[in-house]
Structure formats: structure tokens, C-alpha cells
Amino acid sequence: MTIAGSDSGGGAGIQADMRTFAMLGLHACVAVTAVTVQNSTGVTGFQEIDPGIVAAQMRSVTTDIGVAAAKTGMLASDPIITAIADAAVDLGIGRDGATPLVVDPVCASMHGDPLLAADALGALKDRLFPLATVVTPNLDEVRLLTGIDVVDPATQRQAAVALHALGPRWSLVKGGHLRGSDLSPDLLYDGSEFVEFPGARIDTPHDHGAGDTLAAAITGALGHGYSVPDAVAFAKAWVTRGLAAAYPLGAGHGPVNPLWRLREHGPG
């Protein structure tokens with residue numbers, strides 16, 4: 001299940017999550033948190049969904065269909081985060097429940113447009129991070145959450161430790177925005193052990209939805225029974241292939257393309 005906002009341009013949000021889930025052989029259920037007005041050049045507005053309706057979507061899906069793993073994306077506001085956290089506890093979703101939870105702390109679009117109210121950052125850290133199996137912030141989000149500016153391997157490790165102290169079982173510090181590196185190194189931490197995931201940097205401007213796609217691939221792998229380190233390794237390879245297959249769309253940034261798998265394996 002993806003608990004996130006809808007992208008009218010189809011490149012990120014629940015649309016990106018559902019494409020990845022489908023390509024991983026999973027049925028995607030959704031709890032929509034907000035409807036955005038956006039295209040390839042940016043976000044010009046959004047409408048939040050009533051928090052009670054967000055929680056009701058989660059309850060309706062979980063109590064009937066069941067959920068193997070869940071992820072969050074754009075959550076927009078403190079009341080929505082609180083409603084999600086309360087429902088997750090009741091439904092056994094999260095690090096101490098039967099259903100793993102991936103928290104992708106979406107704070108802004110790739111163009112810098114705000115997608116989270118300024119006063120909601122505390123709820124994200126205090127209510128949702130302690131429920132997370134793994135958190136997957138990009139480096140801009142790491143800076144907002146921890147105050148650490150990641151510029152090299154040492155500060156990446158410091159950030160992983162600081163994020164883990166907020167309560168998730170695992171913290172993942174992604175290196176895609178580490179522009180000074182020729183690689184795109186990700187770092188996973190569980191409170192005692194660091195696991196490194198080096199990766200090639202794909203030279204493309206078309207990376208809309210990369211964070212959503214990575215988090216969705218981790219969620220899908222967890223739903224298939226992978227361990228967290230194996231799920232992250234799988235997702236790292238998945239999003240790298242998606243970036244290599246990304247395509248132009250509109251006048252701005254095109255989307256990461258998880259449909260690369262169809263090109264290789266066909267629709268059967």
C-alpha cells in the first residue's frame with residue numbers, strides 16, 4: 001500500500017509507486033493524502049485530503065484485502081501525519097507490527113516546491129519515524145531533519161546515526177544528490193552496522209520520481225519477504241535501471257521509468 005499524494009503529471013507520487021508495485025508483481029492499494037497540481041516543470045498547488053478519510057482508506061484496505069508492506073510519501077500536514085500514525089498503530093503497520101513500513105519523508109518536490117507544512121516536520125519525526133522499518137530521505141530532507149549537510153562519507157555516516165536516533169529500525173541516507181561524487185552511494189544503518197551500496201551515477205535530467213520509485217521498490221521487496229538490506233540492494237539496482245530508461249516528458253524533467261522491465265521481458 002502507498003500512502004501518498006497524487007501527481008497529475010504521472011511521474012511521481014502514487015502513480016510512480018503503483019507502476020513499480022505492478023512491475024514487481026504486486027497489487028497496489030492506495031491511501032491518497034493530497035491531490036497535487038503539477039507537471040514536468042513543477043507543482044503549482046495541492047489539495048489535502050481530510051485526515052479522517054486518509055485513515056479510513058488505510059483501515060478499509062488493511063481489514064479487507066490485507067497489506068504485505070506499506071510506504072508513505074507526500075503527507076502534507078501535521079493532522080494527516082497524526083491520523084496515519086494512529087491508524088498504523090491500530091492496524092499493525094510499522095517496525096513493531098506485522099507489516100513493514102517504509103517512510104519516505106517527502107518535504108518538497110524536485111523543483112523545490114513545498115509539499116509539507118513547515119509545522120509538520122515535528123510530527124514526522126516524533127510520530128512517524130518511530131514507527132518506520134526504514135526511512136529514505138534525500139540529502140535536502142536529511143538537512144531539514146537532522147541539521148547535517150552531507151558532503152562526504154563522514155557526514156553521510158553522521159546523518160545516518162542522527163536519523164536512526166529518531167526511532168526507525170533502519171535509516172537510509174541516499175547519495176543521489178551528492179553532486180560532488182562520481183558515484184551515487186547510499187548508506188544503510190541499523191544502530192550498530194553500516195551497509196554501503198555504491199552505484200553508478202546515471203547522467204540524465206529525467207529523474208522525476210526517483211525517490212518515490214526507490215522507496216516503492218524497497219516496499220515491494222519487503223512485501224516479497226526480503227530483509228531490509230536485501231530490499232535496499234534490490235531497490236538500488238531497480239531505480240538505477242529506471243533512471244537509465246528515463247524519458248523526456250513536457251518542458252521539464254521526465255520521469256524515472258520502471259517500465260524498463262517490459263522492454264526486456266515483454267508483457268507476459
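Residues numbered from 1 in each chain as written. Predicted model: local features only at pLDDT ≥ 70, side-chain atom pairs only at ≥ 80, totals over all residues. Heavy atoms only, no water.

A. Region of the structure containing the packing of aromatic side chains. Scanning the model with the defined rule gives four aromatic pairs in all. Taken together, a centroid distance of 4.4 Å and an interplanar angle of 25 degrees make the contact between tyrosine 189 and phenylalanine 194 stacked. On the accessibility criterion, phenylalanine 194 (26% relative accessible area) is partly exposed. Ring geometry for tyrosine 226 against phenylalanine 234: centres 5.9 Å apart, planes inclined by 70 degrees, an arrangement best described as edge-to-face. Relative accessible area serves as the criterion here: at 39%, tyrosine 226 is assigned to the partly exposed category. Among the residues examined, phenylalanine 234 registers a relative accessible area of 26% and is labelled partly exposed. Here the aromatic cluster, defined as three or more aromatic residues joined through ring pairs, consists of Tyr226, Phe234, Trp238 and Trp260. One Lys or Arg, arginine 157, reaches over the ring of phenylalanine 194 and ends 4.3 Å from the middle of that ring. (Phe/Tyr/Trp six-rings, centres within 6.5 Å; stacked < 30°, edge-to-face > 60°. Buried < 20%, exposed > 50% of the residue type's maximum accessible area, 1.4 Å probe, protein only. Lys NZ or Arg CZ within 6 Å of the ring centre and 35° of its normal.)

B. Seen up close, the side chain of threonine 2. Checked against the element boundaries, threonine 2 lands in strand E1 (residues 2–6). Separated by 2.5 Å, the side chains of threonine 2 and aspartate 17 make a polar contact. Non-local contacts of threonine 2, meaning those with residues more than four positions away in its chain, are made with Ile14, Asp17, Phe21, Cys29, Val30, Ala31 and Lys71. (Helix = DSSP H or I, 4+ residues; strand = E, 2+ residues; numbered from the N terminus. Polar contact = N/O pair within 3.5 Å; in protein donor to acceptor, adjacent residues only side chain to side chain. Contact = heavy atoms within 4.5 Å.)

C. Up close: unusual backbone geometry. Backbone geometry places alanine 76, a non-glycine residue, at a positive phi of 75 degrees. Along the chain, the position of alanine 76 falls in the loop between strand E4 (70–74) and helix H3 (78–91).

D. Here's a closer look at the packing of helix H1 (residues 13–23) against helix H7 (residues 210–223). Interaxial distance between H1 and H7 falls to 9 Å at its minimum, and their mutual angle equals 40 degrees. With respect to each other, H1 and H7 are oriented oblique. Judged by the twist between their axes, the crossing of H1 over H7 is right-handed. Contact residues: H1 offers Gly13, Ala16, Asp17, Thr20 and Phe21, while H7 offers Asp212, Thr213, Ala216, Ala217, Thr219 and Gly220. Of the residues belonging to the contact of H1 with H7, the class tally is four nonpolar, five polar and two charged. (Axes fitted to C-alpha atoms, helices over the stretch in contact; angles between N-to-C directions. Parallel < 35°, antiparallel > 145°, perpendicular 65-115°, else oblique. Left-handed = near helix turned anticlockwise from the far one by under 90°. Nonpolar A, V, L, I, M, F, W, Y, C, P; charged D, E, K, R; others polar.)

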